[in-house]
Amino acid sequence: MEKRILGVDLGTKRIGLAVTDPLNIIARAFKTLEFKNKQQLAKDLKIIIDEMNIGTIVFGLPVTLSGTESKKTLETKSLIQFLKANLPPDIVVDFEDEALTTVEAHEILRSMGKKPSKNRDLVDQIAAQRILQSYKNKKN
């Protein structure tokens, strides 16, 4: 069985997660973690890596619409470096531009008749799913 890919939408309050199926064909919304601190996030990710047989983690990277790095991009890269140093050494860490994934998540929820403001956990999960799907599309 192939190792799965985990998509991560990092936020200051919540972390949206998406995961591929065991054959790495379909990306699906998975769960939302509350962001307490980077140490707790590393612990939570280690548990998910073990439970879900994760081999690659794809983090959404916030770049500007012009494709340049912002202060938020640098903060996110710093957090990812910390996480990478605290995860198992065989985990592949990659990045995917997360531009407009939250906007897409809002549109998807509205099309389902749900209010994004009342479904923040789902917004984060769908954004992570969009990040993961975009990554998979580029790899195929």
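Reading the values: the criteria
Residues numbered from 1 in each chain as written. Predicted model: local features only at pLDDT ≥ 70, side-chain atom pairs only at ≥ 80, totals over all residues. Heavy atoms only, no water. Helix = DSSP H or I, 4+ residues; strand = E, 2+ residues; numbered from the N terminus. Rg over C-alpha atoms; globule rule 2.2 N^0.38 Å. Buried < 20%, exposed > 50% of the residue type's maximum accessible area, 1.4 Å probe, protein only. Contact = heavy atoms within 4.5 Å. Areas by Shrake-Rupley, 256 points an atom, 1.4 Å probe, with all protein chains shown as cover. Lys, Arg positive; Asp, Glu negative; His and termini not counted. Charge placed at Lys NZ, Arg CZ, Asp CG, Glu CD. Arc of directions from axis to C-beta. Core = buried A, V, L, I, M, F, W, Y, C linked by side-chain atoms within 4.5 Å. Salt bridge = Lys/Arg side-chain N within 4 Å of Asp/Glu carboxyl O. Polar contact = N/O pair within 3.5 Å; in protein donor to acceptor, adjacent residues only side chain to side chain. Axes fitted to C-alpha atoms, helices over the stretch in contact; angles between N-to-C directions. Parallel < 35°, antiparallel > 145°, perpendicular 65-115°, else oblique. Left-handed = near helix turned anticlockwise from the far one by under 90°. Nonpolar A, V, L, I, M, F, W, Y, C, P; charged D, E, K, R; others polar.

Re the overall build of the protein
Line of reasoning, step 1. Looking only at helices and strands, the protein has 4 helices and 5 strands in total.
Line of reasoning, step 2. The helix and strand sequence of the protein, counted from the amino end, reads β-β-β-α-β-α-β-α-α.
Line of reasoning, step 3. For 140 residues, the compact-globule estimate of 2.2 N^0.38 gives 14 Å, and the protein sits close to it at 14 Å.
Line of reasoning, step 4. With respect to the principal axes defined by its C-alpha atoms, the protein has extents near 40 × 35 × 30 Å.
Line of reasoning, step 5. The buried share of the protein, taken over its 140 residues, is 43%.
Line of reasoning, step 6. Contacts spanning at least 24 positions in sequence make up 61% of the contacts within the protein whose residues lie at least 6 apart.
Line of reasoning, step 7. Carbon and sulfur atoms form 52% of the exposed surface of the protein, whose accessible area is close to 7800 Å².
Line of reasoning, step 8. In the protein, which carries 23 positive and 18 negative side-chain charges, the distance between the mean positions of the two groups comes to 4 Å.

Section: helix H3 (residues 101–111)
Line of reasoning, step 1. Buried within H3 we find Thr101, Ala105 and Leu109. An end-on view of H3 places all buried positions within 75° of arc, on one side of the element. Along H3, the residues that are exposed and aim more than 90 degrees away from the buried face are Arg110 and Ser111.
Line of reasoning, step 2. As for H3, its buried residues are in contact with helix H4 (120–139).
Line of reasoning, step 3. Looking one or two places after H3, you find glycine 113, whose phi comes out positive at around 80°.

Observations concerning the nonpolar core
Line of reasoning, step 1. Ranked by size, the top nonpolar core spans 23 residues in total, and within it Leu6, Ile57 and Phe59 carry the most contacts.
Line of reasoning, step 2. With 6 residues, helix H1 (residues 38–52) is the largest single contributor of residues to this core.
Line of reasoning, step 3. Those residues in contact with leucine 6, other than ones at most four positions away along the chain, are Leu17, Ala18, Val19, Leu45, Ile48, Ile54, Thr56, Ile57, Val58 and Leu132.
Line of reasoning, step 4. If you look at the next biggest cluster of nonpolar residues, it comprises 8 residues, including Ala27, Ile131, Leu132 and Tyr135.

Let's talk about the side chain of aspartate 44
Line of reasoning, step 1. Of note, aspartate 44 is situated in helix H1.
Line of reasoning, step 2. Buried charge aspartate 44 goes without a salt bridge, the closest partner of opposite sign being lysine 36 at 5.8 Å.
Line of reasoning, step 3. A polar side-chain atom of aspartate 44 sits 2.8 Å from a polar atom in the side chain of glutamine 40.

Regarding the side chain of glutamine 129
Line of reasoning, step 1. By secondary structure assignment, the location of glutamine 129 is in helix H4.
Line of reasoning, step 2. Here glutamine 129 falls in the buried class, since its relative accessible area comes to 15%.
Line of reasoning, step 3. In this structure glutamine 129 touches Ala18, Ala27, Arg28 and Ala29, once residues within four positions along its chain are discounted.

Observations regarding the packing of H3 against H4
Line of reasoning, step 1. Where H3 contacts H4, the two axes come as close as 8 Å, and the packing angle between them is 120°. One element, H3, and the other, H4, form an angle in the oblique class. When the axes of H3 and H4 are compared, the crossing they make is right-handed. Between H3, through Thr101, Thr102, Glu104, Ala105, His106, Ile108 and Leu109, and H4, the contact on the second element is made entirely by Leu122, Val123, Ile126, Ala127, Arg130 and Ile131.
Line of reasoning, step 2. Here the residues of the contact of H3 with H4 sort into 8 nonpolar, 3 polar and 2 charged.

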